[in-house]
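Each chain, written out:
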Amino acid sequence: MTNDLSRKDKTLGETLRSQGISRRSFLKFCAATASMMALPPSMIPTIANALEKARRPSVIWLSFQECTGCTESLTRAHTATVESLIFDSISLDYHHTLQAAAGHAAEAAREAAMEENNGKYLLVVDGSIPLDNPGYSTIAGISNYDMLMDTARGAAAIISVGTCAAFGGIPHAKPNPTGAVSVSDIIKDKPIINVPGCPPIPVVITGVLTHFLTFGTIPELDNLGRPKTFYGQSIHDRCYRRPFYDKGLFAETFDDEGARLGWCLYKLGCKGPTSYNACATTKWNGGVSFPIEAGHPCLGCSEPDFWDGGGFYKAISMPTENITKTTIYAAAAGVAVGVAVGATGRMKKASASKAHQKVTIDDLEK
Amino acid sequence: MTETELLTWVRGPGFQIATIIFVLGIMLRLFEILMLGRKANLAEAKGSEMSSGLRTVFSRTIPDASTFKRSAFTVTAGYIFHIGLFVVIFLFAPHILLFKDIIGFGWPALPSTVIDATAVITIITLVIVLVHRLRDPVKRFLSNFDDYLGWFVTILPLITGYIAFHRIGMSAPSLIAIHILSVELLMVVFPFTKLMHMFTLILARWYNGAISGYRGVQS
Amino acid sequence: MSDASLPQFNIQIGNDLTWNVQPILHEIRHALRKLLETGESSIIDLRSIPLAPGEEETIIDTLGCGEVHAKLNALGPSEIYETRFTGVWLITHFNEESSIIGRFIEITRFPDILKSQHEDMTIALDQLEQELEHASLSDQNETEAETNT
């Protein structure tokens, strides 16, 4: 514990040197970090300079209505050395899945961290917040809403990890039985970084944490509060299968010739064109592959309401309702009304000509 | 409303409403015209109505030499944007998918780069056609609100589609939603404007051909 | 599970698909020209570019292997070699579990990471001085001990 406290005052550079990590190792670490943060390699010296001086921030991680998939993703970040260095350089003071303490001790750790680092700590949230009945999700008898509001008050910034925290996610899916909302739905006075994905790519989570650690600032965000470095381009625009789309070569089913030849999955419902994420370049499992490379269309998990987007296997250009039926009924109704209107017109004409009386000279002379 | 919600709405209820108005409107207007019928011709038939009518439906697609000479620009530009519209609407893979979903079968698509180029040519031609309409005193005199509305709802999906394809300015879900919305506007307006010529031209040509056939003259 | 029961995929990586390989090679060409004319180095992060399966290998195979080959042992191994195009280096960083954590093409006369670093040399000098001092001290001690007996 005393060791921990003393480490908090040290810069990252000092911490690493005291661990016997050479400058050359540090530069390698910076190169990997730049790559991870999707920054150009020309930024490596800047990163080295900033990391050298970075201080160990306190991090409080709150988990609400979630499946722990985001934490699972994070702890499976494959660049083990780099991650462990980063986690050595932050102080994860509260995370009820990862921390050793339980019960009152755990809550005490959170309160202590909040008090000690008031206004400076980083709050990470995964999971959505139920507004319907607070009983749907509580921690140590505290409702998710109360805990979030209480903890957010002294936070320097909030990172919403996962689609649930960022946009409401699966708990928010229709009919949203718990009244789930995202962090940004209820907190308006703090900088919030959304890191959506179901789960987010591990290095994207660590990349955003590292950005905050390195530069102490919020990265540039898009209109949905997502860091542009990772969510700046659509999956479709960065997809290696894009040339097939442009040539009009598509897999029609999951086991046809096109699927075997690795053609575009648009017709199988790929949401790549409307989804923004780093999957196509950063990839998953340590850069091994990503869903489209494995032959499955993108579900668009980093987008709001992806669960209610009209079906995972329906192409974006296809209507979500049964339009064939609509067309047939509308056509039948159209014919009926057309005939009726036409018939009324004819009847009018017929009765008009029937009622027509010829004018004679006698009439005019009257 | 989030952009995903908007996209889901335009693909779902929005498209359904547009389809109902589009199909119902077209059928209503066509059958209304058909119900009008024609006065019985008491003269003796000097030829077949059927063959002449059918032939005329197709033969009028090619302008006769004198018409072409008189208004070469109108005919050429008309051809370009009509063919362009056909290519862009019916030969782009995502669009074919929409038709396949409704009618049950699809057909081969053209590469998206070809569609892209065609869309640009079509947009430019439509703009030129409008300029021509505004500058030509006769055309301007003959034009009313209906003509300009028809032009607007036709070029709008082309422009929004082009922007959505290239993802300019906004995020993709919004752009695609706006594009579909512009098509829905076209569908809603279609049956009640001169855009109905897409269907009525067949009736008009048929009647012209049939009348001439009955009289035994060339149509 | 036998291999035969798995569906066989033949994802093509012919010249047809590799639409990012040629641009990267041209980028390297421009960078090499810049290095020759202005002395300015460039780095390309291979992880920042969308590549189809096999495309990274195609790039690496095209670049080939040149005269210099170095290995680092810093937070896990790193492999650094000059390709058959002098001035074009391939740097691959691994972590301690031997998975790749970064892969760069550096167009430079000599990659920075191979140079001895100032901070490390300072520590090294300290250490050498300490060791020598310690050695001379223990020498003295030994001689003192001998005279005492």
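Anyway, here's the lowdown on the structure attached to this text.

**Considerations on the interface of chain A and chain B**
So, point 1. With 47 residues of chain A at the contact, the number on the chain B side is 38 residues.
So, point 2. Both sides of the chain A and chain B interface together cover about 3700 Å² of buried area, and 63% of this is carbon and sulfur.
So, point 3. Taken together, the links from chain A to chain B amount to two salt bridges.
So, point 4. Across the pair A:Glu252 and B:Lys100 runs a salt bridge, and its minimum N-O distance is 3.8 Å.
So, point 5. Looking at the side of chain A that touches chain B, the elements that each hand over two or more residues are α14 (235–238), α15 (242–247) and α18 (323–355) of chain A.

**Quick word on the nonpolar core**
So, point 1. Of all hydrophobic cores here, the largest spans 66 residues; its most connected members are A:Cys30, A:Leu51, A:Ile159, A:Val195, A:Ile292 and C:Ile80.
So, point 2. Once residues within four sequence positions are removed from consideration, A:Leu51 is found in contact with A:Leu12, A:Gly13, A:Phe26, A:Phe29, A:Cys30, A:Leu213 and A:Thr214.

**Observations regarding the interface of chain C and chain A**
So, point 1. Every contact between the two is made by 40 residues of chain C and, on the other side, 35 residues of chain A.
So, point 2. Of the roughly 3200 Å² buried between chain C and chain A, counting both surfaces, carbon and sulfur atoms make up 61%.
So, point 3. Across the pair C:Glu119 and A:Arg23 runs a salt bridge whose closest N-O atoms are separated by 3.6 Å.
So, point 4. Applying the counting rule to chain C against chain A returns 12 residue pairs in polar contact (both at pLDDT 80 or more).
So, point 5. Those elements that place two or more of their residues in the side of chain C that touches chain A are β1 (42–45), β3 (77–82), β4 (88–94), β5 (100–107) and α3 (118–148) of chain C.

**A few points about the sheet that holds strand β2 (residues 91–95) of chain A**
Residue and element names in this part refer to chain A.
So, point 1. The strand order across the open sheet formed by five strands is β2-β1-β3-β7-β9, and the pairing between neighbours is parallel. Of all the strands in the sheet, the pair left with one neighbour each is β2 and β9 (192–195). Each neighbouring strand pair of the sheet contributes to a mean axis angle of 20 degrees, computed without reference to strand direction.
So, point 2. Looking at chain direction, strand β1 (residues 58–63) and strand β3 (residues 121–126) are connected through five bridges and run parallel. Paired with Ser-63 across the strands is Asp-126, a residue of β3.
So, point 3. Against the sheet, helix α8 (residues 144–152) makes contact with β1, β2, β3 and β7 (155–161), and its axis sits at roughly 160 degrees relative to β3, the strand it touches most.

**Some points on the pairing of β9(A)**
All names here are of chain A.
So, point 1. Where burial is concerned, the two faces of β9 agree: the one with Ile-192 and Asn-194 and the one with Ile-193 and Val-195 are both buried.
So, point 2. Strand direction decides the pairing type here: β7 and β9, joined by four bridges, are parallel. Along β9, the bridge assignment pairs Ile-158 with Ile-192.

**Notes on the arrangement of the chains**
So, point 1. When the two pairs of chains in contact are compared, the highest contact count belongs to chains A and B.
So, point 2. When C-alpha atoms are compared, chain B and chain C, though not in contact, are closest at a spacing of 15 Å.

**Quick notes on a nonpolar patch on the surface**
So, point 1. Taken together, the side chains of B:Met1, B:Trp9, B:Ile17 and B:Leu181 present a nonpolar region at the surface, about 420 Å² in accessible area.
So, point 2. Secondary-structure assignment places B:Met1 in the segment before α1 (3–11).

Reading the values: the criteria
- Residue positions are given per chain, counting from 1 as you read along its sequence in written order.
- Chain letters start at A and ligand numbers start at 1, both assigned in the order the entries are written.
- The predicted nature of this model means local features are confined to residues of pLDDT at least 70 and side-chain atom pairs, given and counted, to a pLDDT of 80 or more, with totals for whole chains, interfaces and linings taken over all residues.
- Here the side-chain values reflect all heavy atoms present in the structure, with hydrogen atoms and water set aside.
- Two residues qualify as a contact provided that any one of their heavy atoms is within 4.5 Å of a heavy atom in the partner residue.
- Using a 1.4 Å probe, buried area is obtained as the accessible area two parts lose upon being combined, added over both of them.
- A pairing counts as a salt bridge when a side-chain nitrogen of Lys or Arg comes within 4 Å of a carboxyl oxygen of Asp or Glu.
- Each helix is a run of DSSP H or I of at least 4 residues and each strand a run of E of at least 2, with the numbering of both proceeding from the N terminus.
- To define a nonpolar core, start from buried Ala, Val, Leu, Ile, Met, Phe, Trp, Tyr and Cys residues and group those joined through side-chain atoms within 4.5 Å.
- Exposed residues in this analysis have more than 50% of their type's maximum accessible area, buried residues have under 20%, and partly exposed residues fall in between, with area computed by a 1.4 Å probe over protein chains only.
- Distance and chemistry together define a polar contact, namely a pair of N or O atoms within 3.5 Å, with one atom able to donate a hydrogen and the other to accept it when in protein, and with adjacent residues in sequence counting only for side-chain atoms on both sides.
- Should DSSP find at least two bridges between two strands, the strands are taken to pair.
- Here, axes are lines fitted to C-alpha atoms. For helices the fit covers the stretch in contact, and angles between N-to-C directions go from 0 to 180 degrees.
- Nonpolar side chains (Val, Leu, Ile, Met, Phe, Trp, Tyr) within 5 Å and like charges within 9 Å form the patches, drawn only from residues with over 30% relative accessible area and no salt bridge.
- Areas reported as accessible are Shrake-Rupley estimates using a 1.4 Å probe. Residue values count occlusion only from the protein chains shown.

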